[in-house]
Structures are given as structure tokens and as C-alpha cells.
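# Inside the fold
Next come the chains, spelled out residue by residue.
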Amino acid sequence: MKSPRRSAARVATTVLAAGVLLALAACTPDAPGPSASATPTASYASGYQTPAPTVLLPLRGSIVAAGTAQNPSLAAKIDNHEEARPQIGLERTDIVFEELVEGGLTRYVAIWQSDIPDLIGPVRSIRPMDPDILSPFGGIVAYSGGQQQFVDMMKATPVYNAIHGQSDTDSTFYRMDGRTSPHDVVVKASELVSQHLDLAPPQQQFAYSFDTATSTAVVEGTPTASVQIVYSDARYPGWAWDAASGTFLRSQEGSPDLDSNGAQLSAVNVLTLRVNEVYNYDAEVPQAVLVASGEATISTGGKTVHGTWSKDSATSPIRVVDDLGATVRLAPGNTWVQLVPDSGSVTVVPAA
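The paragraphs below set out a description of the structure included in this document.

Conventions adopted
- Residues numbered from 1 in each chain as written.
- Predicted model: local features only at pLDDT ≥ 70, side-chain atom pairs only at ≥ 80, totals over all residues.
- Heavy atoms only, no water.
- Helix = DSSP H or I, 4+ residues; strand = E, 2+ residues; numbered from the N terminus.
- Buried < 20%, exposed > 50% of the residue type's maximum accessible area, 1.4 Å probe, protein only.
- Contact = heavy atoms within 4.5 Å.
- Areas by Shrake-Rupley, 256 points an atom, 1.4 Å probe, with all protein chains shown as cover.
- Pairing = 2+ DSSP bridges.
- Core = buried A, V, L, I, M, F, W, Y, C linked by side-chain atoms within 4.5 Å.
- Salt bridge = Lys/Arg side-chain N within 4 Å of Asp/Glu carboxyl O.

Turning our eyes to something else, we now look at the overall build of the chain. Along the chain, the regular secondary structure elements total 5 helices and 24 strands. The buried share of the chain, taken over its 352 residues, is 46%. When contacts within the chain are restricted to residue pairs at least 6 apart in sequence, those whose partners lie at least 24 apart make up 62%. As presented, the chain carries roughly 17100 Å² of accessible surface, and 56% of it is formed by carbon and sulfur atoms.

Below is the structure:
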């Protein structure tokens, strides 16, 4: 007869074995059945588009679509006599140089490339420093004549000379009604440029920053209320900072300098370059010596930084560096360059 204790142990062992078998059965995968078909997902499509290529406007420093402003530059000798004001088209220039001429008066070498007006003027005669100013730009220069020695100097440059009274300017130069001679010669600018599209666009003349905030004057300069300039007793222009427009506003002889639309002329960048004044060609006609170097101030964004300018040759652009020798970067926009003779003065008035 079996012992009750041994029977109980055998039952327990049987139950345990059955539990293990059940557990193993639970862990055993089901027999493979037909596989479920995968649902296809849509292929990824990127929305990225390659940006259109861009270029830098060479005389303004603005970024524009490639292929923009492939035309040559147009320079003109613009009159600054009282009877020539308001001038036509000055508000649309890329770069303007103001120079001392005889009698203590000044004239402009105005340059357009990114925005060519239909009409500009009044234009006047050439002067001995103009070849050195304009040679780096190439393109076209429009003027009304001048002393033959100065005309010959200008014709010897890599710039196309469009001169009033010549056969090639019959359709583009004329005397405007309502203005007194000799302050009445004007030029059909866009038409003149369209006749010379075989000429190359200009090379970049100055270095530019990405924006006003990163320009050299704003980063390194001191706050400026105005820049006051004296060429002579007859000509003393000024530039006052206008925060609302983000530009310097121009005055002449203490009064606002207005364009032909009645708005005050303005500049994003104002450069003053101190130049030596000589009389090598005519005892009455000063020449600003430009293949040289000298003191400079650069005003942008309501600030001014001191520096030095230099020009290595007639065809070289003007280089401007700060007092540490680093290249000065202007803000994108238009620029006025004041060629101030040693006999004149430049006063930077600090902001209050």
C-alpha cells in the first residue's frame, strides 16, 4: 500500500510538470500564416527651391538678382551754380563727387548705373581732375565741352566722351526751355546709355557691408549730428543726420539742398577726402590731386569714423581705410564724396 505522503508528492510533481508544459506552449509562436501586405507610403518630396543667383550692384553695394544693371555707368559734369538749381536726376545717382572749380564755386561729377533717369542736367564743361575721378568707372561721360587741353585729357581715358555739340550727341543733348544759358544743357540719359550697351558695366569702387548696422562707421565711429564742409566763402555744404530716413540730408550755404521734385537731397554714405589743390594747367582753374593719399572721414548711420584715402593710379579706385589700416566698409546705398581742398575745412559735429 502506497504511503499517502508519496502519493501527494507525485501529484505535486505532475501538476508542476503540467504547468511548465502550459507555459512553454504559451511561449511557442503560432504557425506562420499568410503575411499581411505592407501599405505603401508616399515618397518624400522636398519643398526646397534653389535661390535665384544674385549679384552686388557695383556702385551701390545692394544685392540684386543676377543680370540686373548690366549697362555701363553714365557720368556727367553737373552744374552747381545757383541758376542751375534744382538739378535734374541727382536724387537717383549712385555716387557723386563734389569738386572745387574756379571762382570758389563747385561742380559735381555725378554717376548713375543702377538707376538711369530719362533726363539729367544741367551739364557743364570738364576740369583737369575729372579724368582721374572717372577712369576707374569706364562707361560714358557727358559734358558740354571745356578747354581743349582738358577735353584731350578726358578723351585719353577709357571712358566714352559724349560732348554737347558733337554729331553723336545731336539726339541726346539739348537746351531746355525755361533755364538760362549756359545752365540749360540737359541730356536724355536713358537714351544715351541705350546707344552704348556694348560698354562694360563698372567695377566695384568701394567695399560694402551687409547692412548699415555692420558698416565701419556704425561699428567703430562716434555719434554725429552733422558734417560741415567749407570749400570757399561761396560754397559751404553740410550734411545733417536724419534718423527718420536713416540718411544724411544735404544743405548748401545754410539752406536745404532740394532736388527737382522738391525733396531734400540725401546720402547713405558721406565721405570727405582732403585733397591737395594745384594749378598746373591754368592759373584760375584748381586741380584736386587724386593720385595721392590723404585724410578722410566716413559718415554712415549717424556715426563718423576717421581714416585715410589713397589712389595708386588714374585707373585705380579710391581705397579708404580706418586708422588701424582696415578697409572701410560702406553701407549699401548712395554715396557722396566731398573732395575738400586743403584750403577748406571739415568739421564733424558730435551728437548731443
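Time to look at the pairing of strand β16 (residues 269-275). Burial of β16 is extensive: 7 of the 7 residues sit out of reach of the surface. The pairing of β16 with strand β19 (residues 293-300) spans 5 bridges and is antiparallel. Note that in β19 the partner of L271 across the bridge is I298. Bridge analysis of β16 against strand β23 (residues 335-341) gives 7 bridges, and the strand direction is parallel. Its bridge partner lying in β23, R274 is registered against V340.

Our next topic: the environment of V218. In this fold, V218 is placed in helix α5 (residues 216-220). Distance from V218 to G301, taken between C-alpha atoms, is 6.0 Å for residues 83 residues apart in sequence.

The next subject is unusual backbone geometry. A negative phi holds for most residues other than glycine; trans holds for most peptide bonds. A cis geometry characterises the amide bond from G121 onward to P122, with omega recorded as -5°. Counting through the fold element by element, P122 comes out in the loop between β5 (106-112) and α2 (130-134). Here S181 and P182 are connected by a cis peptide whose omega angle stands at 10°. Tracing the backbone through its elements, the reader meets P182 in the loop between β8 (173-175) and β9 (185-187). Even without glycine at this site, A69 takes up a positive phi of about 50°. Looking at the secondary structure, you find A69 in the loop between β2 (63-65) and β3 (74-78). Residue A69 is classed as buried on the basis of its relative accessible area, which comes to 14%. For E253, which is not glycine, the phi torsion reads 50° and is therefore positive. With respect to the helices and strands, the residue E253 is situated in the loop between β13 (247-252) and β14 (255-256).

Counting residues in each nonpolar core, the largest one holds 37 residues, and the members touching the most others are F97, L134, F206 and V320. Here F206 is in contact with I95, L271, I318, V320, L330 and V337, once residues within four sequence places are set aside. Ranked by size, the runner-up nonpolar core spans 31 residues in total, among them A110, I120, V123 and V270.

Before going further, it helps to examine the environment of Q149. Within the secondary structure layout, Q149 lies in helix α3 (residues 148-155). Residue classification places Q149 among the partly exposed positions, given a relative accessible area of 31%. Considering only alpha carbons, one finds Q149 and I126, 23 residues apart in sequence, at a separation of 10.0 Å.

In total, this model carries 12 salt bridges according to the counting rule given. When the shortest N-O distance is used, the salt bridge between R60 and D94 registers 2.8 Å. Residue R60 is found in the loop between β1 (54-56) and β2, and its partner D94 is found in the loop between β3 and β4 (95-100); the two are separated by 34 residues along the sequence. In this pair, the class of R60 matches that of D94, namely buried. Of the charged contacts in the structure, one is a salt bridge between E102 and R127, with a shortest N-O distance of 2.6 Å. Here the residue E102 occupies a position in the loop between β4 and β5, and R127 occupies one in the loop between β5 and α2, the gap between them amounting to 25 residues. Through salt bridges with shared partners, a single network forms among E82, R85, R235 and E253.

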